[in-house]
Amino acid sequence: MSSQNEPAARPRRSAAFRPGRSAAWIVLIIALVVTLFPFYWMVRTAFTPAADLPSDTTSLWPHHATLINFERVLGLTSTQQDLAAGGSGATLDLLVSLRNSVIYAGLIAVAQTFFCAMAGYAFARLRFRGRDLLFGVFVMALMVPPIFTMLPNFALVKSLGWIGSFQGLIAPSLLMTPFAVFFLRQFFLSVPTEVEEAAALDGAGRWLQFWRVVLPMNRGPLITIGLITAVWAWKDYLWPLLVGPDQSTRVLTAALGIFLQQSPNTAPDWTGLMAAAVLAVIPVALLLVFFGRRLVESLNFTGIK
Amino acid sequence: MAGITGSSLAVATAAHEGPPEAVGAARPGRRRAARRGDGRIASLFLAPALVGFALFYLYPTIRGVYFSFTDYDLLSPPHSVGAANYRYLWRDPLFWNALRVTLQYVVINIVSQTVLALGLAWLMFRLTRSVLVRVLFLVPWLVPNVAVGLLWLWLLDANLGFVNHLITDLGGSSQGFFTTPSLAMPTIAVINTWQYTGYTALLFYAGMLQIPGTLFESARLDGAGEVRTFTRITLPLLRPIMALVLVVSLIGSFQIFDTVSIDPAQGGPVNATRVIYYYIYQLAFTQFRMGYASAVAVTLVLILGVLTFLQLRLLRASRSDLA
């Protein structure tokens, strides 16, 4: 997206700068190691038997690599096996939480993006009374910290009897966030209207233009905002912890928090916790493999004008 | 938290588009539509978002303000207590403590994150256009904060943590990063700096790509070195992006919650990490003092509003030296 800017912005370096350049590369590589090593250590710990933790402290690969920690957190072992391998014996079924997280993040990403695209389209293309005022109110909501609305929202969901249910979990984010409406409105404003006008001349109504022209033509940015929404939902912690703490609706982040609480304070089940954390990171890693370029390029939207 | 953090994307976009009205205003199709008006179809397009907004943003905002003037335990209906919650707040040492540790967190986090991110962005900008490098720096931002918190609880564990092994191997003594009151909040601040620096750097990097290359070219021809180029050209021209990123990360930073809440110390040791967001959470959901929790939340909103306003003024945010 920004590629047409890059050659112009790339400064030419003089030959005199070479030694400085290698030093700069070394700093960059150190920054990369600091960024990524903790994740390596997470994986390394997840493959280490709990009994080895005090002795096998800093070797880069565990002396006796094992899968037992993953089996434990996925609920594939018996209570005795779990206790023997350093667990608390508490039943832990991260497979269910993984499924819940996928449904939670997926449903919110798809529905919210679609509804916000509709609203963004209306704000960008349609003329109606009070449009700018309404949009201003939406934008102001961007400034309100989530905890402020979370308290009354919890009261509302509770009074509806939706605590512990999936509809309670997804209700506040399913239809919109002010951010997505704002983002998509700005985006639609920056897209030329010629094709839509041609469709209008062919007699297509607003809905048909939106459905047949706007959505397909802007597939890229819509996927991007959908991905970002999915990532946020994936990271959500407090709301799912409050509304869906039970196993049937527990998402992965809430499961991690609850797992730590159940683990003894004095000697936490580190190998199990790291195995569980790895499970929470794998989807992120997959996302980066498939959509990494799209995600980083969404951070320099400068090319879209 | 995520919502606020991520909104920088769109803000950054908006900053470079100029007045949006200018885009379509001159088009004939638009003028025709203006005469006709799209009221009916617009209400259909807006219906889902409006319902969501009214139910989960507008209504709770009004209700939150109302709660703050009541005594409410979530079980029996709220009853009005006037401004008692706010009077209590003024004298509540835990509230002031929460504000103080939050500020401590924000200062450490924002300063270190901004400086490191600027440096990192400049390094990337000068060295490489590799997408892979950028993707790798984005990883910590994509991982759930809870997993990040767990990971660092483990890395910094006083007995078995990798970092303490390193420290003792180098001849130092093992540190209780989360259990020493003076270390706990800085530790959490640095963890969050670690998590968000890459993301912030990518925003700055995007801003640097916007600066016309001819400026760097002429600086080089005039014999300006790396440092001068950075301080005289890059930094001033990055100001609009920097202002927006700073405002957004400051707001986000005030809402530190996940990392604190995963820490088994529960706001401790000795209240050292009971930040304002966590205090609100504890008031509302462990003590069921919804009214007072709302009063603290309203106060937080006001503080954030004033801070944003001041910051935008100070940084003369949206004016670019390029314009």
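Residues numbered from 1 in each chain as written. Chains lettered and ligands numbered in written order. Predicted model: local features only at pLDDT ≥ 70, side-chain atom pairs only at ≥ 80, totals over all residues. Heavy atoms only, no water.

Let's talk about the interface of chain A and chain B
Contact residues are listed per partner, giving 113 residues for chain A and 120 residues for chain B. Between chain A and chain B lies a buried interface of about 10800 Å² when both sides are counted; carbon and sulfur atoms form 76% of it. The partner of Asp38 of chain B in a salt bridge is Arg206 of chain A, with the nearest N and O atoms 3.8 Å apart. Counting every contact that joins chain A to chain B gives eight residue pairs in polar contact (both at pLDDT 80 or more). The leading source of residues in the side of chain A that touches chain B is helix H2 (residues 18-46) of chain A, at 16 residues. For the side of chain A that touches chain B, the class distribution of residues is 77 nonpolar, 20 polar and 16 charged. (Contact = heavy atoms within 4.5 Å. Buried area = accessible area lost by both parts, 1.4 Å probe. Salt bridge = Lys/Arg side-chain N within 4 Å of Asp/Glu carboxyl O. Polar contact = N/O pair within 3.5 Å; in protein donor to acceptor, adjacent residues only side chain to side chain. Helix = DSSP H or I, 4+ residues; strand = E, 2+ residues; numbered from the N terminus. Nonpolar A, V, L, I, M, F, W, Y, C, P; charged D, E, K, R; others polar.)

Overview of the packing of aromatic side chains
According to the stated counting rule, one finds 44 aromatic pairs over all chains in the structure shown. Summarising the aromatic geometry, the rings of Phe135 of chain A and Phe182 of chain A are spaced 6.1 Å apart at their centres and angled 10 degrees between planes, so their arrangement reads as stacked. Here Phe182 of chain A lies in helix H9 (residues 178-189) and Phe135 of chain A lies in helix H6 (residues 131-141), a separation of 47 residues in the sequence. Plain terms: the ring middles of Phe154 of chain A and Phe285 of chain B are 4.9 Å apart, the flat faces sit at 80 degrees to each other, and that makes the pair edge-to-face. Note that Phe154 of chain A is positioned in helix H7 (residues 146-159) and Phe285 of chain B in helix H15 (residues 276-285), a pairing that runs across two chains. Its relative accessible area of 8% is what places Phe154 of chain A among the buried residues. (Phe/Tyr/Trp six-rings, centres within 6.5 Å; stacked < 30°, edge-to-face > 60°. Buried < 20%, exposed > 50% of the residue type's maximum accessible area, 1.4 Å probe, protein only.)

Overview of a nonpolar patch on the surface
Residues and elements named next belong to chain A. A cluster of nonpolar side chains, namely Ile223, Ile282, Leu286, Val289, Phe290 and Phe291, defines an oily patch on the protein surface of about 590 Å² accessible area. At five residues, helix H15 (residues 270-299) tops the list of elements feeding residues into the nonpolar patch. Here Phe290 shows up in helix H15. Given the relative accessible area of 64%, Phe290 is considered exposed. (Patch = residues over 30% accessible without salt bridge, like charges linked within 9 Å, V, L, I, M, F, W, Y side chains within 5 Å. Areas by Shrake-Rupley, 256 points an atom, 1.4 Å probe, with all protein chains shown as cover.)

With respect to the packing of H7 of chain A against H15 of chain B
Close contact between H7 of chain A and H15 of chain B brings their axes to 11 Å; oriented N to C, the two are set at 10 degrees. By the angle class used here, H7 of chain A and H15 of chain B are roughly parallel. Where H7 of chain A abuts H15 of chain B, its residues Pro146, Ile147, Leu151 and Phe154 of chain A lie against Tyr277, Ile280, Tyr281, Ala284 and Phe285 of chain B. Split by residue class, the contact of H7 of chain A with H15 of chain B holds nine nonpolar, no polar and no charged. (Axes fitted to C-alpha atoms, helices over the stretch in contact; angles between N-to-C directions. Parallel < 35°, antiparallel > 145°, perpendicular 65-115°, else oblique.)

Observations regarding the nonpolar core
With 194 residues, the main nonpolar core has Leu94 and Met274 of chain A together with Met124, Leu138, Phe204 and Met290 of chain B as its most contacted residues. Counting contributing residues, this core receives three or more from each of domain 1 (30-88 + 263-305) and domain 2 (110-247) of chain A. Ignoring anything within four residues of it in the chain, the contact list for Met290 of chain B reads Leu151 and Phe154 of chain A together with Phe67, Tyr72, Leu74, Ala284 and Phe285 of chain B. (Core = buried A, V, L, I, M, F, W, Y, C linked by side-chain atoms within 4.5 Å. Domains from an automatic or database assignment.)

Structural notes on the UniProt feature "transmembrane region" (unreviewed entry) in chain A
Residues and elements named next belong to chain A. The residues that UniProt annotates with the feature "transmembrane region" (unreviewed entry) are residues 22-43, 102-124, 133-156, 162-184, 213-234 and 270-291. With 100% helix and 0% strand, residues 102-124 has end C-alpha atoms that lie 32 Å from one another. For residues 213-234, the end-to-end C-alpha separation is 30 Å, with 95% helix and 0% strand making up the annotated structure. (UniProt positions renumbered as here; feature names shortened; annotations may be inferred.)

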